[in-house]
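Fold and geometry: a report
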Amino acid sequence: EAQVTQNPRYLITVTGKKLTVTCSQNMNHEYMSWYRQDPGLGLRQIYYSMNVEVTDKGDVPEGYKVSRKEKRNFPLILESPSPNQTSLYFCASSLFWGTGRNTDTQYFGPGTRLTVL
Amino acid sequence: AQKVTQAQTEISVVEKEDVTLDCVYETRDTTYYLFWYKQPPSGELVFLIRRNSFDEQNEISGRYSWNFQKSTSSFNFTITASQVVDSAVYFCALSEWDSGGSNYKLTFGKGTLLTVNP
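What counts and how
Residues numbered from 1 in each chain as written. Chains lettered and ligands numbered in written order. Predicted model: local features only at pLDDT ≥ 70, side-chain atom pairs only at ≥ 80, totals over all residues. Heavy atoms only, no water. Salt bridge = Lys/Arg side-chain N within 4 Å of Asp/Glu carboxyl O. Helix = DSSP H or I, 4+ residues; strand = E, 2+ residues; numbered from the N terminus. Buried < 20%, exposed > 50% of the residue type's maximum accessible area, 1.4 Å probe, protein only. Contact = heavy atoms within 4.5 Å. Buried area = accessible area lost by both parts, 1.4 Å probe. Polar contact = N/O pair within 3.5 Å; in protein donor to acceptor, adjacent residues only side chain to side chain. Nonpolar A, V, L, I, M, F, W, Y, C, P; charged D, E, K, R; others polar. Pairing = 2+ DSSP bridges. Patch = residues over 30% accessible without salt bridge, like charges linked within 9 Å, V, L, I, M, F, W, Y side chains within 5 Å. Areas by Shrake-Rupley, 256 points an atom, 1.4 Å probe, with all protein chains shown as cover. Lys, Arg positive; Asp, Glu negative; His and termini not counted. Disulfide = S-S within 2.5 Å.

**Observations regarding the pattern of salt bridges**
Residue and element names in this part refer to chain A. A full pass over the atoms with the stated rule returns eight salt bridges over all chains. Residues Glu 79 and Lys 18 are paired through a salt bridge, measuring 4.0 Å at the closest nitrogen-oxygen approach. Of the two residues, Glu 79 is situated in the loop between β8 (76-78) and β9 (87-94) and Lys 18 in the loop between β2 (10-13) and β3 (19-25); the sequence distance between them amounts to 61 residues. Of the residues examined, Lys 18 reaches a relative accessible area of 52% and is grouped as exposed.

**Quick notes on the interface of chain A and chain B**
Across the boundary between the two partners, chain A contributes 25 residues, which contact 23 residues of chain B. When chain A packs against chain B, the two sides together hide about 2200 Å² of surface, and 55% of this comes from carbon and sulfur. Joining chain A to chain B, the criterion identifies one salt bridge. The salt bridge involving Lys 105 of chain B is made with Asp 59 of chain A; its shortest N-O contact spans 3.4 Å. Inspection of the region where chain A meets chain B yields four residue pairs in polar contact (both at pLDDT 80 or more). At the level of elements, β4 (31-38), β5 (42-51) and β6 (54-57) of chain A are the ones that each hand at least two residues to the side of chain A that touches chain B. Among the elements that line the side of chain A that touches chain B, the one with the most residues is β5 of chain A, at five residues. In terms of residue class, the side of chain A that touches chain B is built from 10 nonpolar, 10 polar and five charged.

**Quick notes on the pairing of strand β11 (residues 112-116) of chain A**
Residue and element names in this part refer to chain A. Burial along β11 is one-sided: Thr 112, Leu 114 and Val 116 are buried, while Arg 113 and Thr 115, pointing the other way, are not. Bridge count between β2 and β11: four bridges; the pairing is parallel. Directly across from Thr 13, in β11, lies its bridge partner Val 116. Note: β9 against β11, three bridges, orientation antiparallel.

**Observations regarding a nonpolar patch on the surface**
Residue and element names in this part refer to chain A. Side chains of Ile 12, Val 14 and Leu 117 sit close together on the surface and give an oily, nonpolar patch of about 320 Å² of accessible area. Within the secondary structure, Ile 12 is located in strand β2. For Ile 12, a relative accessible area of 64% corresponds to the exposed category.

**Observations concerning the side chain of Lys 38 of chain B**
Along the polypeptide, Lys 38 of chain B turns up in strand β5 (residues 32-39). No salt bridge is formed by the buried Lys 38 of chain B. Its closest oppositely charged neighbour is Asp 86 of chain B, at 4.5 Å.

**Here we look at the pairing of β5 of chain A**
Residues and elements named next belong to chain A. Counting buried residues along β5, eight of its 10 residues qualify, which places the element largely inside the surrounding structure. Where β4 and β5 come together, seven bridges link them in antiparallel fashion. Bridged to Met 32 within β5 is Ser 49. Bridge analysis of β5 against β6 gives four bridges, and the strand direction is antiparallel. Bridging from a neighbouring strand, Tyr 48 pairs with Asp 56 of β6.

**Focus on the state of the cysteines**
Residues and elements named next belong to chain A. Scanning the model with the defined rule gives two disulfides over all chains in all. Each sulfur in the disulfide pair Cys 23 and Cys 91 lies 1.7 Å from the other. The S-S bond linking Cys 23 to Cys 91 shows a torsion near -70°; that makes this disulfide left-handed. With Cys 23 in strand β3 and Cys 91 in strand β9, the pair connects residues that are 68 residues apart, well separated along the chain. Taken as a pair, Cys 23 and Cys 91 share a single burial class, namely buried.

**Topic: unusual backbone geometry**
Residues and elements named next belong to chain A. The step from Asn 7 to Pro 8 runs through a cis peptide bond, and the omega angle for that step is -5°. Within the secondary structure, Pro 8 is located in the loop between β1 (4-7) and β2. Of note in the backbone geometry, Asn 28 takes a positive phi value of approximately 60° without being a glycine. Tracing the sequence through the fold places Asn 28 in the loop between β3 and β4.

Right, here's the structure in full:
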């Protein structure tokens, strides 16, 4: 079954305590990305990756790091979380749409609700 | 810079009505991609469609249809004979495709909350 998994699903942490949210896909997709969703601000892209070892910033990358050492995994790292990073986070994967067909689907993980106290 | 505007914050309809969700975009690129996503009350995100800028053909998928018009920079989404299960927040998004192959950022509109009442 095609899926994107995220862990943890829920996390409450304290300011400054490093954390990693994992994202894994089983579809051999090149493109993976991270988004955060906040009330009133909608969805905003944090980082994306077009393939292994290729990552780039989205609209709101400050305070986040990512890595893409393997095609299937794209972890989101918060080195020193702050309360303004309290949000709902989604990971997604798809074929690289520059070469993909219009019928290709983008798959989302179930979301990670993060609270930073 | 790319920008997506969904002017309708909330729409409420009665079941079986047709409803159109508007999406207007801004981009300087000639090559770009447009998307629609659905987020039902349960919170997951569901991809609905991706359309590239070279393909202005309208798309129909069951009760869903999309009207892409470059002349008005719009990519509107119509649900025909709406159902209660269509109640969700719908997001439109844009991705520019830099000719140098370096920009695949995705920018979202603020979303439209659609409520379909029985």
